[in-house]
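In case you want the letters, here they are:
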Amino acid sequence: MKELLDRALADRYGVAAFNIINDLTIEAVVAAAAEERAPVILQTSVKTVKQYGRPQLFAIVQALAHDASVPVTLHLDHCPDRSVIADCLDGGWNSVLFDAHELDVAENLRQTTEVVAEARKVGAHVEGEIEGIQGVEDDLGSDEAAPVQSLEVAVDFIERTGVDCFAPAIGNAHGQYKRTPVLDAQRISDLVAATGIPMALHGGTGLSDEQFTDLIARGCAKVNISTALKETFMQSGLEFLRETAERGKWDPPSLFRHQRTAVLEMARRHIRLFGGSGRAW
Ligand code: 13P
């Protein structure tokens, strides 16, 4: 993870981080990255880990991504639960987001420092967070905007914990935006200038091309996309099933092919937009 993000920060492109939900979406995202010659991040919500079981999900990722021709890394998205963090680090995840924004900053800092030490033992990396990202996703989070910490508090947290990447709240939100988001892009520039570490842009679905380009140029090296993947997967399925019902021909592999193409194209569009194409090594 660190290598993917440090390279992206240095050359100011974004590595797309897709919240995969099953085998089909893992395979389609990896295929898009391979076709674009781009590094890519597969991230899993705690819900997806629990749905499959940690060893089962890891085995699926391993089977579908291990021999990819481009750099692929596996990340655990927002996780407030230390036992799930420990379990995923133990089970082969390359990186985790310890989301302790509900704790006060001092306790968050103390526990994130422990998580960084735990991750280092297995050569893994850590994303840190001190402010809630607005919106509920996979049963986590809140629709209320959380308070934003000062630059000094955020920089102190990053320096003392040693996190590899940081997820600031800048007016971004998970899910579809209900109105055009007003983003504090300057905060990204300030955090990167003060710490030199890559920022994670949450709430990617629904941002404009200009917003992505600007934020990536300022140092958002990790760009998260979840809702767009879920909607693409479900809507392409719905579209296909409606036609299937009319024709009366029920062939599951045709449905899977249709959904795979839609998810692959969605991933490709984001990878290209973030400047990731041709960056694989
Ligand atoms: P979206 O669901 O808005 O794409 O956000 C994804 C995300 O930030 C995952 O943590």
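To start, this report covers the structure provided alongside it. (Residues numbered from 1 in each chain as written. Predicted model: local features only at pLDDT ≥ 70, side-chain atom pairs only at ≥ 80, totals over all residues. Heavy atoms only, no water.)

## Description of the side chain of Q43
Part 1 of the argument: Within the element layout of this structure, Q43 appears in strand β2 (residues 40-44).
Part 2 of the argument: Within the structure, the side chain of Q43 is placed 3.0 Å from the side chain of K222, a separation counted as a polar contact.
Part 3 of the argument: Leaving out residues up to four positions away in the same chain, Q43 has contacts with A17, F18, N19, I20, H75, D77, K222 and N224. (Helix = DSSP H or I, 4+ residues; strand = E, 2+ residues; numbered from the N terminus. Polar contact = N/O pair within 3.5 Å; in protein donor to acceptor, adjacent residues only side chain to side chain. Contact = heavy atoms within 4.5 Å.)

## Observations regarding the site of the ligand
Part 1 of the argument: Residues in contact with the ligand amount to 15 residues; listed here are only the nearest, D77, E137, G203, T205 and T227.
Part 2 of the argument: G175 places a polar main-chain atom, nitrogen or oxygen, 3.1 Å from an oxygen atom of the ligand.
Part 3 of the argument: Between the ligand and the protein, one listed contact pairs an oxygen atom with a backbone N or O atom of S226 at 2.9 Å.
Part 4 of the argument: The protein chains hide 100% of the 310 Å² of surface that the ligand would expose on its own.
Part 5 of the argument: When residues of the shell around the ligand are traced back to their parent elements, those giving at least two are β3 (72-79) and β10 (220-225). (Near = heavy atom within 4 Å. Areas by Shrake-Rupley, 256 points an atom, 1.4 Å probe, with all protein chains shown as cover.)

## Considerations on the pattern of salt bridges
Part 1 of the argument: Applying the stated criterion to the full structure yields 20 salt bridges.
Part 2 of the argument: Residue D139 pairs with K47 through a salt bridge whose shortest N-O separation is 3.7 Å. Of the two residues, D139 is situated in the loop between β6 (135-137) and β7 (140-142) and K47 in helix α3 (residues 46-52); the sequence distance between them amounts to 92 residues.
Part 3 of the argument: Residue class for D139 comes out exposed when judged on its relative accessible area of 61%.
Part 4 of the argument: Taken together, the shared-partner salt bridges connect E35, E36, E265, R268 and R272 into one network. (Salt bridge = Lys/Arg side-chain N within 4 Å of Asp/Glu carboxyl O. Buried < 20%, exposed > 50% of the residue type's maximum accessible area, 1.4 Å probe, protein only.)

Treat this as a map of the structure, not an account of what it does.
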